[in-house]
Amino acid sequence: MKNIKLVIFDLDGTLINAYPAIISSFNYVMRALGSPKQEALTIRRAVGWGDENLLIPFLKRKEDINKALILYRKHHAKSLLRGAKVLPGARHLLTRLKKDNYKLAVASNRPTKFSLILIRHLKLEKYFDYVLCADKLKQGKPHPDIINKIRRKFSFGPAQVVYVGDMVIDIQAGKRAKVKTIAVSCCGSSTAEELRQERPYRMVKNIRELSRILLIGKKD
């Protein structure tokens, strides 16, 4: 892609599959607090808005949310080490982008602590020049602030940035920040049809397709 200097990625469902860890921690909390266990697809569809928003709709007693967050975060710090993997093709893509001198960053609604656990455990930290998560901002995605703050850190204009995500809120955030936004449909919380309705700049099935867009010829 011509003129692109900075590639910003979402984490979950874009570069990493952490759903087994999320599902395990989620249902651990539900059992501990006497709330119904949920199916994997139900949990997966609720991911992307931060851990508080993930848990609270499913709690029998909404006043249990603080206790639920403590339980979830303690369990999740360990479950991530067992249940998270880099998606096929992601490490190769990051290696190639880094070699081609792109600046690389992460913009995630996942809390900073757990984003860094994931990145370090999966040995991805060497690829990223900056990691920014929604708990460091007043508003997370779909608000564009997270993307705008990253691009301003590197003094790039919107035309020099591409944002890659797997959810409707990723596409909305990217479009509101006026950057080219690419939707990856294979592995996230939103369906391909939901992503298509948001009209991203490009839509790909997987990271390997993304490699072709970003790397081959470096032009539109």
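For the structure, check the block above.
Computed from a predicted structure; not experimentally measured.

Draft legend 1. Representation of the overall build of the chain within the structure. Scanning the chain from N- to C-terminus turns up 10 helices and 8 strands. For 220 residues, the compact-globule estimate of 2.2 N^0.38 gives 17 Å, and the chain sits close to it at 17 Å. Over its C-alpha atoms, taken along the principal directions, the chain stretches across nearly 55 × 30 × 30 Å. Counting across all 220 residues of the chain, residues that qualify as buried make up 53%.

Draft legend 2. Representation of the nonpolar core within the structure. The biggest cluster of nonpolar side chains holds 54 residues, and the ones touching the most others in it are Phe9 and Phe128. Every residue in contact with Phe128, bar those within four places of it in the chain, is listed here: Phe9, Leu15, Leu94, Leu104, Ala105, Val106 and Ile119. Counting residues in each nonpolar core, the second largest holds 16 residues, with Ile8, Leu132, Phe156 and Ala173 among its members.

Draft legend 3. The pattern of salt bridges, seen in detail. Across all of its chains, the model carries 8 salt bridges by this definition. As a salt-bridge pair, Arg61 and Asp64 come within 2.9 Å of each other at their nearest N and O atoms. The residue Lys141 makes a salt bridge to Asp170 at a minimum N-O spacing of 2.8 Å. With Lys141 in the loop between β5 (130-133) and α7 (145-153) and Asp170 in helix α8 (residues 168-176), this residue pair connects regions lying 29 residues apart in the sequence. We note that Lys141, like Asp170, is buried. Taken together, the shared-partner salt bridges in this structure form one network comprising Asp10, Lys141 and Asp170.

Draft legend 4. Structural detail: the environment of Leu6. The topology assignment puts Leu6 in strand β1 (residues 6-9). C-alpha of Leu6 to C-alpha of Trp49: the two residues are 43 residues apart in sequence and 24 Å apart in space. In this view, Leu6 contacts Lys103, Leu104, Ala105, Ile150, Arg151, Phe154, Phe156, Gln160, Val161 and Val162; residues no more than four positions away in its chain are not counted.

Draft legend 5. Just the packing of helix α1 (residues 19-32) against helix α4 (residues 65-83), in detail. The interhelical angle for the contact between α1 and α4, taken along N-to-C directions, is 145°, at an axis separation of 8 Å. For the element pair α1 and α4, the recorded crossing hand is right-handed. Two secondary-structure elements touch here, α1 through Pro20, Ala21, Ile22, Ser24, Ser25, Phe26, Tyr28, Val29 and Ala32 and α4 through Ala68, Leu71, Tyr72, His75, His76, Ser79, Leu80 and Gly83. Partitioned by chemical class, the residues of the contact of α1 with α4 number 11 nonpolar, 6 polar and no charged.

Draft legend 6. Quick look at empty space enclosed by the protein. Tallied over the full model, the rule gives 1 cavity of 30 Å³ or more. Considered as a void within the structure, the largest cavity measures approximately 240 Å³ in volume. Considering the residues around the largest cavity, the lining is formed by 23 residues, among which Asp12, Val47, Gly48, Gly50 and Arg110 are closest to the centre. Sorting the residues of the lining of the largest cavity by element identifies α1, α3 (51-55), α4 and α8 as the ones contributing at least two each. Its residues assigned to classes, the lining of the largest cavity shows 10 nonpolar, 6 polar and 7 charged.

The rules we used
Residues numbered from 1 in each chain as written. Predicted model: local features only at pLDDT ≥ 70, side-chain atom pairs only at ≥ 80, totals over all residues. Heavy atoms only, no water. Helix = DSSP H or I, 4+ residues; strand = E, 2+ residues; numbered from the N terminus. Rg over C-alpha atoms; globule rule 2.2 N^0.38 Å. Buried < 20%, exposed > 50% of the residue type's maximum accessible area, 1.4 Å probe, protein only. Core = buried A, V, L, I, M, F, W, Y, C linked by side-chain atoms within 4.5 Å. Contact = heavy atoms within 4.5 Å. Salt bridge = Lys/Arg side-chain N within 4 Å of Asp/Glu carboxyl O. Axes fitted to C-alpha atoms, helices over the stretch in contact; angles between N-to-C directions. Left-handed = near helix turned anticlockwise from the far one by under 90°. Nonpolar A, V, L, I, M, F, W, Y, C, P; charged D, E, K, R; others polar. 1 Å grid on protein atoms, 1.4 Å probe; cavity = no way out; pocket = protein on both sides within 12 Å on 5 of 7 lines; lining within 4 Å. Points joined across faces, edges and corners; volume = space filled by probe spheres on them.

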